[in-house]
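Below, each chain spelled out in residue letters.
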Amino acid sequence: MSELLQAGIEAGGTKFVVALGNAEGIRDWEKIDTTTPGETLDNVMDWLDAASQEHGRFDAIGIGSFGPVELDENSARYGSITTTPKPGWQNVPLVRVFAERFGVPVGFDTDVNAAALGEHLHGAGRGIDPLVYLTVGTGVGGGVIVNGGPLHGLLHPEMGHLLIPAPRRSAAVDAEGQCPFHPSCLEGFICGPAIAKRWGVAKAADLPSDSPAWEETGETLAHGLVNIALTLSPRRIIVGGGVVKAPGVLASARRHFQKLLNGYLQVPRITQDVENYIVEPGLGDWAGVRGALALAERAAGG
Ligand code: ADP
Ligand code: ZN
């Protein structure tokens, strides 16, 4: 392992994962509960101090954060979480806090762009460009790698809120979409909490493996995947997050993806080899942290 270390932070709504490492891998890491911004960030910074005492200095920090976040470097709010519904976390200036405390360059992006970058460099998306990383967990979100780096735009991709048709003839106890903004968006039907609410259980993972929820979740996910494939023409779509760990969800998504496209995209990767088009993450749950380390390396000029 080379000597230079970076710090990577995956800033999530439930937990932060902070690591020291570099492109070779992770040297040390810790999980920290997301509570108030003050307490959470203090804990992250204390861990970084202690870890760099033990393992050596780091020359940059990379942060992949839940959002929405401000990625426009010309904005006064650059590097902040902006309008999140998470109490206390609106307008938290993550980049400034870490830059001031440690005096090193800080790279910043969305959690899903960081995960997409991690998978692109070290996981199931190596050499694949454009690449989409979609996560279906507590929320639904998507990151995009194009021309070797994360795609930013007016804001950043918000694929969780792709507008899709509501599941037909749903057997769910509550058939409604659960997003407070949209009656019929991807996240409103298939994020973990939406599945739990719609199918009347405490947690999505409590549903049995033969529940019709999983086939329907795959079909609804497929609508999102079709729209992504038609819009961005990615060479591969990686789908991660807790919900796709449920048996049958990805298989259902692949089957409905082909059915919904109905032969329109005539490329073998989709017509014959869809298992290699819609794939699981190669890095498991580590994509975000590995991506955050890569953001740090890029911020340092690496
Ligand atoms: P997060 O999105 O918070 O980073 P995850 O990607 O692990 O975390 O997603 C958590 C969500 O996924 C929860 O709503 C949980 O109920 C659901 N989940 C986790 N494991 C499973 C599973 N094996 N089957 C179905 N749902 C699951
Ligand atoms: Zn929505």
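Our subject in this report is the structure included herewith.

## Section: the overall build of the protein
For step 1, the next point in the chain: A count of helical and extended segments in the protein gives nine helices and ten strands.
For step 2, the next point in the chain: The C-alpha radius of gyration of the protein comes to 19 Å, within 12% of the 19 Å expected for a compact globule of 302 residues.
For step 3, the next point in the chain: Principal-axis analysis of the C-alpha atoms places the extent of the protein at approximately 55 × 40 × 35 Å.
For step 4, the next point in the chain: Contacts spanning at least 24 positions in sequence make up 63% of the contacts within the protein whose residues lie at least 6 apart.
For step 5, the next point in the chain: Working note: accessible area of the protein is about 13700 Å², and carbon and sulfur atoms make up 50% of it.

## Considerations on the pairing of strand E2 (residues 15-22)
A regular strand places its side chains on the two faces of the sheet in alternate fashion.
For step 1, the next point in the chain: The buried count for E2 comes to seven of eight residues, which makes it a mostly enclosed element.
For step 2, the next point in the chain: In this structure, strand E1 (residues 5-11) lies alongside E2, joined through six bridges in antiparallel fashion. In the strand pairing of E2, Ala 11 is matched with Phe 16.
For step 3, the next point in the chain: In textbook terms, the turn of a hairpin is the stretch between consecutive antiparallel strands, and for E1 and E2 this stretch comprises three residues.
For step 4, the next point in the chain: When E2 meets strand E3 (residues 25-33), the two strands line up antiparallel, connected through eight bridges. Note on E3: the bridge partner recorded for Phe 16 is Ile 32.
For step 5, the next point in the chain: Once E2 ends, the chain turns through two residues before running back antiparallel as E3.

## A word on the sheet that holds strand E6 (residues 131-136)
For step 1, the next point in the chain: Strand order in the open sheet made by the five strands is E8-E7-E6-E9-E10, with mixed pairing throughout. Both edges of this open sheet fall to strand E8 (149-150) and strand E10 (278-279), since each of them pairs with a single strand only.
For step 2, the next point in the chain: Bridge analysis of E6 against strand E9 (residues 236-240) gives five bridges, and the strand direction is parallel. What sits directly across from Val 132, in E9, is Ile 237.

## Considering the site of ligand 1
For step 1, the next point in the chain: Surveying the vicinity of ligand 1 reveals the residues Gly 137, Thr 138, Gly 192, Pro 193, Ala 204, Ala 205, Trp 214, Gly 241, Gly 242, Val 243, Lys 245 and Ala 246.
For step 2, the next point in the chain: Measuring from an oxygen atom of ligand 1, one finds a side-chain N or O atom of Thr 138 at 2.6 Å.
For step 3, the next point in the chain: A distance of 2.9 Å separates an oxygen atom of ligand 1 from a polar atom in the backbone of Gly 242.
For step 4, the next point in the chain: Contact with the protein chains covers 64% of the free accessible surface of ligand 1, which is 570 Å².

## So, the nonpolar core
For step 1, the next point in the chain: The biggest cluster of nonpolar side chains holds 39 residues, and the ones touching the most others in it are Val 136, Leu 221, Leu 225, Val 239 and Phe 257.
For step 2, the next point in the chain: Elements supplying a minimum of two residues to this core: E6, strand E7 (140-146), helix H4 (186-190), helix H5 (192-199), helix H6 (212-232), E9 and helix H7 (249-261).
For step 3, the next point in the chain: Per-element accounting of this core gives the leading share, eight residues, to H6.
For step 4, the next point in the chain: Aside from chain neighbours lying at most four places away, what touches Leu 225 is Leu 134, Ile 237, Val 239, Ala 253, Phe 257 and Ile 278.

## Considering H6
For step 1, the next point in the chain: Compared with the 30 Å implied by 1.5 Å per residue over 21 residues, the 30 Å span of H6 between its first and last C-alpha is a close match.
For step 2, the next point in the chain: N-cap assignment for H6: the residue whose side-chain oxygen lies 3.0 Å from the backbone N of Ala 213 is Ser 211.
For step 3, the next point in the chain: Looking one or two residues beyond H6, the residue adopting positive phi is Ser 233, at roughly 50°.

## What about the coordination of the zinc ion (ligand 2)?
Reference values for angles at a metal are 109.5 degrees in the four-donor tetrahedral case and 90 or 180 degrees in the six-donor octahedral case.
For step 1, the next point in the chain: Within the first shell, the zinc ion (ligand 2) binds the protein through His 161 (ND1), Cys 179 (SG), His 182 (ND1) and Cys 185 (SG), at distances of 2.1 to 2.4 Å.
For step 2, the next point in the chain: Coordination at the zinc ion (ligand 2) is tetrahedral: its four donor atoms span angles of 104 to 118° at the metal.
For step 3, the next point in the chain: Mapped onto the polypeptide sequence, the residues donating to the zinc ion (ligand 2) form the spacing pattern H-x17-C-x2-H-x2-C. You'll find Cys 179 and Cys 185 in the same group, each marked buried.

## Comments concerning the packing of helix H1 (residues 37-55) against helix H2 (residues 94-102)
For step 1, the next point in the chain: H2 packs onto H1 with a crossing angle of 35° between their chain directions and a minimal axis gap of 12 Å. Here H1 runs over H2; the crossing is right-handed. Along the contact surface, H1 presents Leu 41, Val 44, Met 45, Asp 46, Leu 48 and Asp 49, while H2 presents Leu 94, Val 97, Phe 98, Arg 101 and Phe 102.
For step 2, the next point in the chain: Per-class residue counts for the contact of H1 with H2 are eight nonpolar, no polar and three charged.

## Let's talk about the packing of aromatic side chains
For step 1, the next point in the chain: Taken as a whole, this structure holds seven aromatic pairs when the rule is applied.
For step 2, the next point in the chain: Note on Phe 66 and Trp 89: the rings are 5.8 Å apart at their centroids and 65° apart in plane angle, and the pair reads as edge-to-face. A residue pair is termed long-range when its members are at least 10 positions apart, and Phe 66 in the loop between strand E4 (58-65) and H2 and Trp 89 in the loop between E4 and H2 qualify at 23 residues. The pair formed by Phe 66 and Trp 89 is uniform in burial state, with each residue classed as buried.
For step 3, the next point in the chain: Centre to centre, the rings of Tyr 78 and Phe 108 are 6.1 Å apart; their planes meet at 80°, and the pair counts as edge-to-face. Separated by 30 residues along the polypeptide, Tyr 78 in the loop between E4 and H2 and Phe 108 in strand E5 (residues 106-110) bring together distant segments of the chain.
For step 4, the next point in the chain: You can call Tyr 78 partly exposed: its relative accessible area is 24%.
For step 5, the next point in the chain: Taken together, the ring pairs connect Phe 16, Phe 66 and Trp 89 into an aromatic cluster.

What counts, and where the lines are drawn
- Residues numbered from 1 in each chain as written.
- Chains lettered and ligands numbered in written order.
- Predicted model: local features only at pLDDT ≥ 70, side-chain atom pairs only at ≥ 80, totals over all residues.
- Heavy atoms only, no water.
- Helix = DSSP H or I, 4+ residues; strand = E, 2+ residues; numbered from the N terminus.
- Rg over C-alpha atoms; globule rule 2.2 N^0.38 Å.
- Contact = heavy atoms within 4.5 Å.
- Areas by Shrake-Rupley, 256 points an atom, 1.4 Å probe, with all protein chains shown as cover.
- Buried < 20%, exposed > 50% of the residue type's maximum accessible area, 1.4 Å probe, protein only.
- Pairing = 2+ DSSP bridges.
- Near = heavy atom within 4 Å.
- Polar contact = N/O pair within 3.5 Å; in protein donor to acceptor, adjacent residues only side chain to side chain.
- Core = buried A, V, L, I, M, F, W, Y, C linked by side-chain atoms within 4.5 Å.
- Expected span 1.5 Å × (residues − 1).
- Donors = N, O, S within 2.8 Å, 3.2 Å for Na, K, Ca; no water.
- Tetrahedral: all angles 85-135°; square planar, octahedral: opposite > 155°, others 65-115°.
- Axes fitted to C-alpha atoms, helices over the stretch in contact; angles between N-to-C directions.
- Left-handed = near helix turned anticlockwise from the far one by under 90°.
- Nonpolar A, V, L, I, M, F, W, Y, C, P; charged D, E, K, R; others polar.
- Phe/Tyr/Trp six-rings, centres within 6.5 Å; stacked < 30°, edge-to-face > 60°.

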